[in-house]
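Understanding the architecture of this molecule
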Amino acid sequence: THFGFRDVPTGEKQKLVGQVFSSVARNYDLMNDLMSLGVHRVWKRYFVGTAQVLRGDSVLDLAGGTGDIALLLKDRVGDTGRIVLGDINGDMLRVGRDRMVDRGRVSGFEYVQCNAEALPFPDASFDLVTIAFGLRNVTDKDAALREMHRVLKVGGQARVLEFSEVTAPWFKPVYDFHSFNVLPKLGKLFANDADSYQYLAESIRKHPPQAELRGMMEAAGFARCDYRNLSAGIVAIHTGYKA
Ligand code: SAM
């Protein structure tokens, strides 16, 4: 039996998402490489490399997980910058913190266990807020987007990196086969956890496509909302600003 996200009431979703990420935390980094053949690293580099951020900035990386985005961001904000890694799951944060310490990257990072729907930060705290492969796991996405807007300073940028709708028709059957056949098998083989990877494939299909997410960002108060597809829309980067 898989986690059956399609039919659960929203209150339950958060609990199930918690189980999924506690279950995958230890193998999370390896699985990302296997599932995407390493391409997630390229997407993340592009996502951070094109972010509106300066040396010394304060950045919040939501759903920061094991810290891939935070690490890349640190190079952009420099020694005087501050990176807050926020995630609802303590197991993911712990793996992330241990990984940073192993790499000798300690100062300039803060770890905060929090729900993206209700952030424990005052208004106008950050120059940049990022969320990578996180928004689709959040139950109330509109609330999360409103919170991202609230904690941004005026002029600050919000960036969302997320799976999106594949635009090339010829690619869709290949992609579907990968998601619903290859993915759960990889999950079973390498992490002994087919259910979690079945959930991931389902959550990707349920996530709002490009134009709809842009509309949600506008509704949350963001100005100049836009998006860019990467890899034919397998993922998209959405941006918006606090005006
Ligand atoms: N950003 C990292 C990356 O790109 O590798 C991790 C992405 S991981 C697929 C999704 C993360 O979202 C998990 O660590 C999970 O705990 C977190 N998450 C899920 N729901 C959340 C919520 N409501 N608030 C904050 N984080 C959440």
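Since we're looking at a predicted model, the values are computed, not measured.

Describing the site of the ligand
Taken together, 21 residues form the shell around the ligand, and within it Ala63, Gly65, Asn89, Ala116 and Asn137 come nearest. Mapped onto the shell around the ligand, the elements with two or more residues apiece are helix H1 (10-24) and helix H4 (68-77). Considered class by class, the residues forming the shell around the ligand number 11 nonpolar, 7 polar and 3 charged.

Concerning the sheet that holds strand S6 (residues 223-230)
Pairing between the strands of a sheet comes from backbone hydrogen bonds, and it takes one of two forms, parallel or antiparallel. Read from one edge of the open sheet, 7 strands run S3-S2-S1-S4-S5-S7-S6, paired in mixed fashion. What marks the edges here is a single partner per strand, and that holds for strand S3 (109-113) and S6. Shown here is a sheet whose adjacent strand axes are inclined to one another by a mean of 15°, direction ignored. Across 4 bridges, the pairing between strand S1 (residues 58-62) and strand S4 (residues 126-132) is parallel. Bridge pairing links Val59 to Leu128 in S4. Helix-sheet contacts for helix H9 (residues 210-219) involve S6 and strand S7 (235-241), and the interaxial angle to S6 is about 155°.

Digging into the nonpolar core
Counting residues in hydrophobic clusters, the biggest one holds 60 residues, and the most contacted among them are Val59, Leu73, Ile83 and Val129. The element contributing the most residues to this core is H4, with 6 residues. Not counting chain neighbours up to four residues away, the residues in contact with Ile83 comprise Val59, Asp61, Ala70, Leu73, Lys74, Val77, Gly108 and Phe109.

Brief notes about the UniProt feature "binding site: S-adenosyl-L-methionine" (unreviewed entry) in the protein
UniProt's entry tags Thr66, Asp87, Asn115 and Ala116 with the feature "binding site: S-adenosyl-L-methionine" (unreviewed entry), counted in the numbering of this structure. Relative to the elements of secondary structure, Thr66 occurs in the loop between S1 and H4. Its 24 C-beta neighbours within 10 Å are what place Thr66 among the buried residues. Beyond its immediate stretch of four places on either side in the chain, Thr66 contacts Tyr28, Asp29, Met92, Val95, Gly96 and Arg99.

Describing the pairing of S7
Buried residues dominate S7, accounting for 5 of its 7 residues. Where strand S5 (residues 152-163) and S7 come together, 7 bridges link them in antiparallel fashion. In the strand pairing of S7, Arg159 is matched with Thr239. Relative to S7, S6 runs antiparallel, the two being bridged by 6 bridges. Within S7, the residue paired with Ala223 across the bridge is Tyr241. Counted between consecutive antiparallel strands, the loop separating S6 from S7 contains 4 residues, among which Ser231 sits at a positive phi close to 50°.

Some points on helix H7 (residues 172-191)
Turn by turn, an α-helix covers 3.6 residues, leaving residues three or four places apart pointing in a common direction. A maximum bend of about 35° is found in H7 at Val182, where proline Pro184 lies one to four positions downstream. For H7, every residue scored as buried is listed here: Leu183, Pro184 and Gly187. Residues of H7 that are buried in the fold lie against helix H2 (28-36) and helix H8 (194-206). Just downstream of H7, Asn192 is the residue with a positive phi angle, here 50°.

Brief notes about the confidence of the model for the protein
Detail in the predicted coordinates should be disregarded across regions flagged by low pLDDT. For the protein, the average pLDDT comes to 92, and 96% of its residues sit at 70 or higher. Predicted confidence is poor over residues 1-7, with pLDDT under 50, and the contacts of this stretch with residues over four places away or in other chains come to 13 contacts. Two summary scores accompany this predicted model of the complex, namely pTM at 0.92 and ipTM at 0.99.

About the cut-offs
- Residues numbered from 1 in each chain as written.
- Predicted model: local features only at pLDDT ≥ 70, side-chain atom pairs only at ≥ 80, totals over all residues.
- Near = placed C-beta within 6 Å.
- Helix = DSSP H or I, 4+ residues; strand = E, 2+ residues; numbered from the N terminus.
- Nonpolar A, V, L, I, M, F, W, Y, C, P; charged D, E, K, R; others polar.
- Pairing = 2+ DSSP bridges.
- Axes fitted to C-alpha atoms, helices over the stretch in contact; angles between N-to-C directions.
- Contact = placed C-beta atoms within 7 Å.
- Core = buried A, V, L, I, M, F, W, Y, C linked by C-beta atoms within 7 Å.
- Buried ≥ 20, exposed ≤ 12 C-beta atoms within 10 Å, placed from the backbone.
- UniProt positions renumbered as here; feature names shortened; annotations may be inferred.
- Bend = angle between axes of the 7 residues up to and from the residue.
- pLDDT = per-residue confidence, 0-100.

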